[in-house]
Every structure is written in structure tokens, then in C-alpha cells.
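These are the residues of each chain, in order.
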Amino acid sequence: MLIYFNEQLIHVAPELRLFALREQKKPHADLLIINGYPVSEDQVLKEEDRVVLIQRGEQPTAAELEQLMMARHTPGVHEKIKNRCVGIAGVGGLGSTIATALTRVGVGHLIIVDFDLVEPSNLNRQQYFSDQIGLPKVQALQENLRRINPGIKITAIQQRITAENLSNLFGQVDVMVEALDAAEQKAMLTSNFLQKFPETPLVAASGMAGFEASNSIRTRKVAERFYLCGDGTTAAEPGRGLMAPRVGIAAHHQANAVLRLLLGEEPE
Amino acid sequence: MRLKINGQLQNFAQELSISQLLEQLQLVPEQVVVELNREILTVDRHATTRLNDGDTLELIQFVGGG
């Protein structure tokens, strides 16, 4: 009979029982999962059951983790994105959140670039921890992303992005993400990238401050290969700050647009 | 001169460069992405690029925050 053991198809004896499988494969396992449900009683396994045996506190190997995570990815998605590369310019509220989502979904290579350090004021919306204050953002984010998914490649570069260096930084990406803060920087990155790389799509964001209605944030195709997420108008300014919920909504619009582009779908 | 800007036709009395058009529309050039007839034009080309009757433009204004 065939079953999936830790997401790999294996041959086992007919009528094999769960505890017997544990004895064979992982005697110290203390978390037994059949077809997505934790179980505590011994039972007879059936053809094509998916059995996962975990020892609490034990870090799975990268290969095991990839198998376990693949089970959570929609069929066909993981294969299409695991060899793709996404560039993220800026890892503040938008970029750190986008990078986290793309790491969880399993994009194979992320290039993250930012010159800045983690500051206390960042913690209201950015994916950093209070014990990371003072670290370069790209270093702190790389550590956090590795803890989520050690199986992907992360290129972390602490540098200010200019019209001159962006070809060197992002020349190899399949999709580019604009996740900077100042309007001038956003326009500079977008214009220069789209002009220099006539084949590569770019996903940018504009307008996500305050606590206006969630549904005012949209994803639009605004020019050739240029997708814009946000409400388009709500700037960060004194009295209207950037906060986790709405910045997170815009960031996940961007992350989903990237995923759709990698899968050959129109983001809009 | 008639220009199609962000999907809308607009009339202009005289010939314009992109820099002059942005000034008339009260847009800050450094905050705007300009696409002219499906080609992106960076800021350094705004002053030297003349617009012609019938041109199609997308002007995308960024606001701060991220």
C-alpha cells in the first residue's frame, strides 16, 4: 500500500498501524498528524493517507521543511515560483511585509535593498522585533526570513538606491517591487527601472496612510508593465501616520500582484 | 494641440515640452512617472521631449508613505 510519510510517497505493508509506522520511522515523534488532523489513538492506516510525524522542538532539515511546506502550497504554485527571483527596493512597512509573504509562499530568491537601520518608531508596522533596534534593516529581515523558511535564497544589500546603481542591484529579477517611502524616491525607482528593463514588470504602491476604509486600496495597471497598489492619494503627513493594518493591506496587494505575475496572471 | 492624458482628451493652446505640461498641471516632476506613447521617460528627458498633437500620456503621481 502507498501512503505519504512526511509528504513523500512510500510503500508500506497493508493494514499498517500508525504506532508501528512511528516505531519504524521516528520512534520519538510526539505529534502524529493524519490527513491534516492531529491524532493520539493508534489506528490502521489507509491507502494514500498523509502521515506527518514530528518531534516537538526538533528543527526539520531544509529538505524535510520544503516537503512539509509544499503540502501547504496550492498544487502547481510552488514549482512555478521556487526558481524565480523578486527584487524589493526598500524594506520598511511595505517591503518587510511583502518579503515575509513571498518567503512564506516560497519564492526562491529575494533581493532586498535598504540603507536604513531598525528604529523604535518602525515597530508600529514593520516586520522587526524590539531586540533588533539598531541593526541594519536588511540584516534583521534576512534573519527573520531565514527563521520562517530556510530554504529560500536571500540577497541582502545595505545601500541607498540610486538611478545609477539600480541596474547592478536588480538586473536579474523576474518581478520588481517598489516599496520605498518618499514620493520622489518611488518615482525615481519606478521610472528608471521601467526604462532600463523593458521586459520586466514592476509593482509599486502609493497611498496607504491613516485608517481610511480598507476597500479604497486597489491594484491597478497604470501603464505598460507598471502596476500600482494603494488608494493613490492618502499621503503620510503630520496627523495622518502610517499604521500596520492599512500598510499591510497595500503590501499584501503588492505581494499578491507579484505572485500573480510569476504565475502568468494579470494582477488587476 | 490635443493630448490624451490618463484616458481623457485635453486641449492646449501652444506647443509644450513634458516639463511645461507638468508645470501647467501643477505636478511635481520628481514625484511623477511619465509614460509617453507607451514609453517611460525619466526626469532628465522631460525638458527636451516635445509633445505632439495626438500624443497619449499616462501621468502617475506618487504620494509618500511605505
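Refer to the structure above for everything that follows.
Cut-offs used in this document
- Residues numbered from 1 in each chain as written.
- Chains lettered and ligands numbered in written order.
- Predicted model: local features only at pLDDT ≥ 70, side-chain atom pairs only at ≥ 80, totals over all residues.
- Heavy atoms only, no water.
- Contact = heavy atoms within 4.5 Å.
- Salt bridge = Lys/Arg side-chain N within 4 Å of Asp/Glu carboxyl O.
- Polar contact = N/O pair within 3.5 Å; in protein donor to acceptor, adjacent residues only side chain to side chain.
- Helix = DSSP H or I, 4+ residues; strand = E, 2+ residues; numbered from the N terminus.
- Nonpolar A, V, L, I, M, F, W, Y, C, P; charged D, E, K, R; others polar.
- Pairing = 2+ DSSP bridges.
- Axes fitted to C-alpha atoms, helices over the stretch in contact; angles between N-to-C directions.
- Disulfide = S-S within 2.5 Å.
- Buried < 20%, exposed > 50% of the residue type's maximum accessible area, 1.4 Å probe, protein only.
- Right-handed = clockwise from strand over helix to strand, strands pointing away.

Chemist: Tell me about the interface of chain B and chain A, residues and numbers included.
Modeler: Counting residues at the interface gives 18 residues for chain B, matched by 32 residues for chain A. At the boundary of chain B and chain A, one finds one salt bridge. Among the ionic pairs, Arg38(B) bridges to Glu224(A), the shortest N-O distance being 3.0 Å. If you look at where chain B meets chain A, you find eleven residue pairs in polar contact (both at pLDDT 80 or more). Listing elements by their share of the side of chain B that touches chain A, those giving two or more residues are β3 (32-36), β4 (39-41) and β5 (56-61) of chain B. Split by residue class, the side of chain B that touches chain A holds seven nonpolar, six polar and five charged.

Chemist: Which residues make up the sheet that holds β3(B), and what are the values?
Modeler: Read from one edge to the other, the open sheet built from five strands follows the order β2-β1-β5-β3-β4 (chain B), with strand pairing classed as mixed. The open sheet is flanked by β2 (8-11) and β4 of chain B, the only strands paired with a single partner. Across the sheet, the mean angle separating the axes of adjacent strands is 35° when strand polarity is ignored. Along the sheet, helix α7 (residues 183-196) of chain A contacts β3 and β4 of chain B; its crossing angle with β3(B), the most-contacted strand, is approximately 30°.

Chemist: Which residues make up the state of the cysteines, and what are the values?
Modeler: Residue and element names in this part refer to chain A. For the structure on display, the rule yields zero disulfides over all chains. No disulfide involves Cys85; its sulfur sits 19 Å from the nearest other cysteine sulfur, which is in Cys229. Overall, Cys85 belongs to the buried group, its relative accessible area being 5%. Of the residues examined, Cys229 reaches a relative accessible area of 1% and is grouped as buried.

Chemist: So what about the pattern of salt bridges? Which residues, and what values?
Modeler: Residues and elements named next belong to chain A. Applying the stated criterion across every chain yields a total of 14 salt bridges over all chains. A salt bridge links Glu58 to Lys26; the nearest nitrogen and oxygen atoms lie 2.8 Å apart. One end of the pair, Glu58, is in the loop between β5 (50-54) and α2 (62-70); the other, Lys26, is in the loop between α1 (18-25) and β3 (31-34), with 32 residues separating them in the sequence. A relative accessible area of 38% means that Glu58 is categorised as partly exposed.

Chemist: Residues and numbers for the pairing of strand β10 (residues 202-205) of chain A, please.
Modeler: Both faces of the sheet carry side chains from a regular strand, because those side chains alternate between them. Residue and element names in this part refer to chain A. Judged by which residues are buried, β10 turns out to be covered on both faces: Leu202 and Ala204 on one side and Val203 and Ala205 on the other are all buried. Pairing between strand β9 (residues 175-178) and β10: two bridges, direction parallel. Each residue of the ladder has a partner; that of Met176, found in β10, is Leu202. As a crossover connection, the stretch from β9 through α7 into β10 is right-handed. One ladder, built from four bridges, connects β10 with strand β12 (residues 226-230); its direction is parallel. Its bridge partner lying in β12, Ala204 is registered against Leu228.

Chemist: Talk me through the sheet that holds strand β6 (residues 85-89) of chain A; I want residue IDs and the actual numbers.
Modeler: Residue and element names in this part refer to chain A. With mixed pairing, seven strands are arranged side by side in an open sheet as β8-β7-β6-β9-β10-β12-β11. Two strands bound the open sheet, and with one partner strand each, they are β8 (153-157) and β11 (218-223). On average, each strand axis in the sheet is inclined to that of its neighbour by 20°, with strand direction left out of account. As judged from the five bridges shared by strand β7 (residues 109-113) and β8, these two strands associate in the parallel manner. Looking at the pairing, Val113 lines up with Ile157 of β8. Of the strands in this sheet, β6, β9, β10 and β12 are in contact with α7, which crosses β10 at around 170°.

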